[in-house]
Amino acid sequence: MPKFEQPVALPPEERKENNKKTNPHLKAELEVIKQLPKEERRSRIQEFKEKVVEQKLGIAEMQAKFTEIIHRESKMPEKDLKNKLETAIDQYAKEYGLDDYQKTISREVIGRFLEKHKAIERASKAFPNDKDFFKILFGREPKGKIKIRTTPAMIYVQCFNLEDYIYLRTQAFVSGEDLSEQEKEIAAMSYGAAIGASKLPSVKGLIVAENSSKAGIKYGGDPGADFFDHEEQHIIKRLFTAEKIHQKMDLGRPMNEEQFREAWEENLRNQREDVADRRVKDEILAYFKGGTPKETIYKVLTEGSEYDYLKKIRERYANPDPKIYERYTKIVEESTAKILGEEYKNMISNGLDAIESLKKMHYSSDQIIGLLINEPLVRWSNLAHRIAEHKHEEQK
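Caption draft 1: Just the overall build of the chain, in detail. Counting its regular elements, the chain contains 17 helices and four strands. Within the span of the chain, comprising 396 residues, buried residues form 45% of the whole. Restricting the contact set of the chain to residue pairs at least 6 apart, pairs at least 24 apart contribute 68%. Counting only carbon and sulfur atoms, one obtains 48% of the accessible surface of the chain, whose full area is about 20,800 Å².

As structure tokens, this is what we get:
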């Protein structure tokens, strides 16, 4: 391929595409492409973009395949499971043209998954009795019947007693505070939830609770398939997300500032979701059911210390260690303020606006809670918009 002595600058949209790539192989390929004559360069850029999209599709399908294997082979010995997952990597690498870097990242994900798998396996073997297992996970014995199921990626707790489910859903075992009747009522309306905390640190973030009676499941019955599969997929997805942050530190391949910012903000959103999003959603619904005005709800949840669920995370990154984050310390500070501050408050405000929109559509309080209780807070606005559009179409 012909090259110029001086590299030719890419147009802005092509430079933007270049900046998004964390893969050194793709970056090297772009460096070659941007030195080509203008006519050839544009066609090659288009081919490059199509290749990147194809590889992203391949990685997404591979992630789904991981979930399928993990779910199907839940009792397989660890060594055999690892071999099966690595075979899947080779299969999708060949089909979608994934390079060595992408395969290495995928193997890192498998390594992280197997660490989680070992933690679950150790805990379940140490506490074969479900009541004992429940106590070590959450600090007290269950009040009623429970069934704990484990997969290589998840601890799934079926609660057949509403008090037990509320205890997990609200993470009352963390705060130790008494719950109001409204908080209990709101929590009881959901079918299930990912539980971000645990008294057993090694399995933190791997636990899901099911409100089995609400879901219509009898004791000894199988979990609700859709919810079970969704939560397991969510856990595995997070392994891929976590890997983006560790690419630089674990593999020694530096990111540029835009790449690090993108990965870091995704990491912060995941942490925020685990610690705060569901809890503040429940508080919004509890205050709303109690008749508290929108403005008061917003002020209580964003200005008061009682509901400052994100304080510990903010403090953790308030003074980022330059030895760890190197030149990214400013990005860590800026993104933390954005995701855990401005964006979080906007999410609460938009959620409250969504409730107001549904009220204007003449939905009752109970109907609104029923619509929103199982929907992530960040999606409330979209849901209200879709409902409004549907009503508008019906009126035509």
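Caption draft 2: Region of the structure containing unusual backbone geometry. Positive phi values are uncommon outside glycine, yet Gln 171 reaches one of about 55°. By secondary structure assignment, the location of Gln 171 is in the loop between helix H7 (162-169) and helix H8 (172-175). One non-glycine residue, His 362, lies in positive phi territory at about 70°. Here His 362 lies in the loop between helix H15 (329-360) and helix H16 (365-372).

Caption draft 3: Geometry of the packing of helix H11 (residues 257-289) against helix H12 (residues 294-303). At a minimum axis separation of 10 Å, H11 and H12 run at an interaxial angle of 145°. Where H11 crosses over H12, the handedness of that crossing is right-handed. Across from Val 280, Glu 283, Ile 284, Tyr 287 and Phe 288 in H11, the residues of H12 making contact are Ile 297, Val 300 and Leu 301. Residue composition of the contact of H11 with H12, by class: seven nonpolar, no polar and one charged.

Caption draft 4: Local environment of the pattern of salt bridges. Tallied over the entire structure, the rule returns 17 salt bridges. Between Asp 222 and Arg 149 there is a salt bridge, with its nearest N and O atoms 4.0 Å apart. Residue Asp 222 is found in the loop between strand E4 (207-211) and helix H10 (225-251), and its partner Arg 149 is found in strand E1 (residues 146-151); the two are separated by 73 residues along the sequence. The closest approach of N and O atoms between Glu 265 and Arg 269, which form a salt bridge, is 4.0 Å. You can see Glu 265 and its partner Arg 269 sitting in helix H11, four residues apart, about one turn around the helix. Bridged by salt links that share partners, the residues Glu 265, Arg 269, Arg 272, Asp 277, Lys 338 and Glu 343 form one connected network.

Caption draft 5: Layout of the environment of Ser 365. Looking at the secondary structure, you find Ser 365 in helix H16. Considered as a pair, Ser 365 and Leu 285 are 80 residues apart in the sequence and their alpha carbons are 9.3 Å apart.

Caption draft 6: Summary view of the sheet that holds E1. A sheet is described by the order of its strands in space; here four strands give the open sequence E1-E2-E4-E3, paired in mixed fashion. Taken across any chain shown, the strands that pair with only one partner, and hence form the sheet edges, are E1 and strand E3 (192-195). Strand-to-strand twist across the sheet, computed as the mean angle between neighbouring axes with direction ignored, equals 20°. Sheet topology note: the E3/E4 ladder contains four bridges and is antiparallel. Within the sheet, the bridge partner assigned to Ala 194 lies in E4 and is Val 208.

Caption draft 7: Representation of the confidence of the model for the chain in the model. For the chain, mean pLDDT is 79; residues scoring 70 or higher make up 82% of the total. For the chain, the element scoring lowest by mean pLDDT is helix H1 (residues 12-19), at 35; helix H6 (residues 130-138) scores highest, at 96. Low pLDDT, under 50, characterises residues 1-22; the stretch is placed with 41 contacts to residues that sit more than four places away or in other chains. The low-confidence segment residues 245-253, where pLDDT is below 50, has 26 contacts with residues more than four positions distant or belonging to other chains.

Caption draft 8: Structural detail: the pairing of E4. Burial runs high along E4: five of the five residues are buried. Alternating residues of E4 divide into Ile 207, Ala 209 and Asn 211 and Val 208 and Glu 210, and every residue in both groups is buried. For strand E2 (residues 154-159) and E4, the ladder comprises five bridges, and the chain directions are parallel. Counted as the bridge partner of Val 157 is Ala 209 from E4.

Caption draft 9: Fine view of the packing of aromatic side chains. Taken as a whole and judged by the stated rule, the model has 11 aromatic pairs. Site record: aromatic cluster; members linked through ring pairs are Phe 134, Phe 138, Tyr 167 and Phe 173. Sitting above the plane of the Tyr 219 ring, Lys 145 keeps its charged end 5.0 Å from the centroid. Of note, Lys 214 hangs over the ring of Tyr 191, and the distance from its end group to the ring centre comes to 5.5 Å.

Reading the values: rules and limits
- Residues numbered from 1 in each chain as written.
- Predicted model: local features only at pLDDT ≥ 70, side-chain atom pairs only at ≥ 80, totals over all residues.
- Heavy atoms only, no water.
- Helix = DSSP H or I, 4+ residues; strand = E, 2+ residues; numbered from the N terminus.
- Buried < 20%, exposed > 50% of the residue type's maximum accessible area, 1.4 Å probe, protein only.
- Contact = heavy atoms within 4.5 Å.
- Areas by Shrake-Rupley, 256 points an atom, 1.4 Å probe, with all protein chains shown as cover.
- Axes fitted to C-alpha atoms, helices over the stretch in contact; angles between N-to-C directions.
- Left-handed = near helix turned anticlockwise from the far one by under 90°.
- Nonpolar A, V, L, I, M, F, W, Y, C, P; charged D, E, K, R; others polar.
- Salt bridge = Lys/Arg side-chain N within 4 Å of Asp/Glu carboxyl O.
- Pairing = 2+ DSSP bridges.
- pLDDT = per-residue confidence, 0-100.
- Phe/Tyr/Trp six-rings, centres within 6.5 Å; stacked < 30°, edge-to-face > 60°.
- Lys NZ or Arg CZ within 6 Å of the ring centre and 35° of its normal.

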